[in-house]
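Below, each chain spelled out in residue letters.
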Amino acid sequence: MNNPLAASFGNFKLLSQKNRAEDEKCLLDERSQFSPGGNKCQFPTKVYVIHRKEREDRWGKFQNLNLDLFEKFEVCLWEASLPSPEFPTVVDAIFDSFVKCIENSPDETLIVMEDDAYLAEGALEKLHQAWKDLPEDWDILIGNHYFIGEIKVLSDHLAKPVGRASTANFSIIRKTIISKIKQNLDKRSIPSSRDFDHFVTSSEIPINNFTVWPMVSREFSSFSDHKGINLDSSHKIRENAFKYLFVDQNSYYPSLEGW
C-alpha cells in the first residue's frame, strides 16, 4: 500500500508514476463549490522564527535559504520553549512555543516559521494569490502540509486538508486562533491532536485552517531535537510527486537524490 511517510529506496520517479492514480484520488477538486475572497486582514510584515540559540547550524542555513524573506519582511527570532515541569515533553514545549509566539505578537497577522524551513522559488507570489482567496473567517494559512488522507482543492491557490495534516513549518496566523486554542486545550488529550500541526488542522477543533496550493515551504535536512535523529523530509514526499504538489515542483523533484 502506498505510504508517503515510509522511507524506501529506488527510482523515485518510477515509484511516483506508479502511485499517481492512487495519489490523485486524494486531491478533491472543489473549485466549483468555493467562493474565494472576503479576507480583510492586512498582509503580515513580520516573520517570527522559532529557534533555539544553541542551534547556530540551523540559523545559518535558514538565512542562506531565505534571502528573499529578509529583504521583504522584518525577521525576528523567537526563543523556543524547552521541556519543563509545566511542559514535560518536547511536543508540549513545541506547542507552547507556537502559542506564546502568536500570543505575544502585537500584530493581527504574523508569519511563524520553524528554523529548518525554507520557501520554494515563487512562494511569495503564490502567497499573495492565496491571500486574496481566503474567506473572511480564516484563522491560519499553512505553507506546507503532508496531509493524511485527502485534501480539498478550493481554488487555484488554496486548499484544505480533510481530517488533519502534518507539518506547520511555515504559517500565516491570525490572532483569532489564540482564543480557539485555549478554549479547546482539553482536546490535546486526543493522541492525534497533541502536536501543534495536528491540533490546528483537527476536524475536532473549530480552527478555520487553509493550505497554500500548490505548497510553498519545505524543511531542509538537519538534526531534529524533537526526534533525536537526522531528518530528511524528502523521504516523505518523493514517491508522491502527484500528491504533494509544490509551486516549484518541476525543478524540486528532479533535484532529489534518486529521482
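Computed from a prediction, not measured in an experiment: that's the story for all the values here.

Visitor: Can you help me understand the overall build of the chain in this one?
Guide: Counting its secondary structure elements, the chain contains nine helices and 15 strands. Taking 2.2 N^0.38 as the reference for a compact globule, 259 residues should give roughly 18 Å; the C-alpha atoms of the chain span a radius of gyration of 18 Å, in line with that estimate. Projected onto its principal axes, the C-alpha coordinates of the chain cover approximately 45 × 45 × 40 Å. Taking all 259 residues of the chain together, the buried fraction comes to 52%. In the chain, of all internal contacts separated by at least 6 residues, the share reaching a separation of at least 24 is 78%. Surface exposure of the chain reaches about 12,200 Å², of which carbon and sulfur atoms provide 51%. Put simply, the chain has 31 plus and 39 minus side-chain charges, and the middle of one group is 2 Å from the middle of the other.

Visitor: Where do I start with unusual backbone geometry in this structure?
Guide: Trans peptide bonds make up most of the peptide bonds, and negative phi angles are found at most residues other than glycine. Residue Trp213 is joined to Pro214 through a cis peptide bond whose omega torsion reads -10°. Tracing the sequence through the fold places Pro214 in the loop between strand S12 (209–212) and strand S13 (217–219). The residue Thr167 is not glycine, and still its phi comes out positive at about 90°. Topologically, Thr167 is positioned in the loop between strand S10 (164–166) and strand S11 (170–174).

Visitor: Help me understand the state of the cysteines, please; the structure alone is not making it clear to me.
Guide: Cysteine pairs can be covalently joined through their sulfur atoms, and such a bond is termed a disulfide. In the structure shown here, the tally under the stated rule is zero disulfides. Cys76 supplies the cysteine sulfur nearest to Cys101, a cysteine that is in no disulfide, at a spacing of 8.7 Å.

Visitor: I'm lost on the nonpolar core in this one. Help?
Guide: Generally speaking, a soluble globular protein has its nonpolar side chains buried in company with each other. Core analysis: the biggest nonpolar cluster contains 28 residues, and Met113, Leu127, Leu141 and Ile172 have the highest contact counts within it. Where this core is concerned, the elements lending two or more residues are strand S2 (46–51), helix H2 (56–65), strand S4 (109–114), strand S5 (117–119), helix H5 (123–133), S11 and S12. In terms of residue count, H5 provides more of this core than any other element does, five residues in total. Core analysis: the next-biggest nonpolar cluster, separate from the first, contains 22 residues, Ile102, Ile181, Ile205 and Ile207 among them.

Visitor: Whenever I open this one, helix H1 (residues 12–24) confuses me. Can you help?
Guide: Here H1 contains 13 residues, and its C-alpha end-to-end distance of 17 Å stays within 8% of the 18 Å for a straight helix at 1.5 Å per residue. In the structure, H1 departs most strongly from a straight axis at Lys18, where the bend amounts to approximately 40°. All of the buried residues in H1 are Phe12, Ser16, Asn19 and Asp23. On its buried face, H1 sits against strand S1 (27–29). Regarding H1, its N-cap is Asn11, as a side-chain oxygen of that residue lies 3.2 Å from the backbone nitrogen of Lys13 further along.

Visitor: Honestly, the confidence of the model for the chain in this entry has me stumped. Any pointers?
Guide: Close reading of the predicted structure is inappropriate where its pLDDT is low. Confidence along the chain averages 91 in pLDDT terms, with 95% of residues attaining 70 or more. Under a pLDDT of 50 for its full length, residues 1–7 has, in the predicted model, 14 contacts with residues more than four places off or in other chains.

Visitor: Looking at this structure, how should I read the pairing of S12?
Guide: Across a regular strand the side chains alternate sides, sitting on one face of the sheet and then on the other. Of the two faces of S12, the one holding Asn209 and Thr211 and the one holding Phe210 and Val212 are both buried throughout. Here strand S6 (residues 140–142) pairs with S12 via three bridges, running parallel. What sits directly across from Ile140, in S12, is Asn209.

Visitor: Got a minute to help me understand the sheet that holds strand S3 (residues 74–79) in this structure?
Guide: Hydrogen bonds along the backbone pair up the strands of a sheet, which may run parallel or antiparallel. Spatially, nine strands are ordered S1-S8-S9-S12-S6-S11-S4-S2-S3 in an open sheet, and the strand pairing comes out mixed. On the outer flanks of this sheet lie S1 and S3, each paired with one strand and no other. Taking the axes of each pair of neighbouring strands and ignoring which way they run, one obtains an average angle of 30° across the sheet. In this sheet, strand S8 (residues 151–153) lies alongside S1 in parallel orientation, the contact comprising three bridges. Within S8, the residue paired with Asp29 across the bridge is Val153.

Visitor: What is the right way to read the pattern of salt bridges from this model?
Guide: It is possible for side chains of opposite charge to pair when their charged atoms get near one another. Applying the stated criterion across every chain yields a total of 16 salt bridges. The closest approach of N and O atoms between Arg55 and Asp57, which form a salt bridge, is 2.8 Å. Overall, the relative accessible area of 47% leaves Asp57 in the partly exposed class. We note a salt bridge from Asp115 to Arg58, for which the minimum N-O separation is 2.7 Å. Placement of the pair is Asp115 in the loop between S4 and S5 and Arg58 in helix H2, with a sequence separation of 57 residues. A single burial state applies to Asp115 and to Arg58, both of which are buried. Bridged by salt links that share partners, the residues Asp29, Arg31 and Asp156 form one connected network.

Cut-offs used in this document
Residues numbered from 1 in each chain as written. Predicted model: local features only at pLDDT ≥ 70, side-chain atom pairs only at ≥ 80, totals over all residues. Heavy atoms only, no water. Helix = DSSP H or I, 4+ residues; strand = E, 2+ residues; numbered from the N terminus. Rg over C-alpha atoms; globule rule 2.2 N^0.38 Å. Buried < 20%, exposed > 50% of the residue type's maximum accessible area, 1.4 Å probe, protein only. Contact = heavy atoms within 4.5 Å. Areas by Shrake-Rupley, 256 points an atom, 1.4 Å probe, with all protein chains shown as cover. Lys, Arg positive; Asp, Glu negative; His and termini not counted. Charge placed at Lys NZ, Arg CZ, Asp CG, Glu CD. Disulfide = S-S within 2.5 Å. Core = buried A, V, L, I, M, F, W, Y, C linked by side-chain atoms within 4.5 Å. Expected span 1.5 Å × (residues − 1). Bend = angle between axes of the 7 residues up to and from the residue. Polar contact = N/O pair within 3.5 Å; in protein donor to acceptor, adjacent residues only side chain to side chain. pLDDT = per-residue confidence, 0-100. Pairing = 2+ DSSP bridges. Axes fitted to C-alpha atoms, helices over the stretch in contact; angles between N-to-C directions. Salt bridge = Lys/Arg side-chain N within 4 Å of Asp/Glu carboxyl O.

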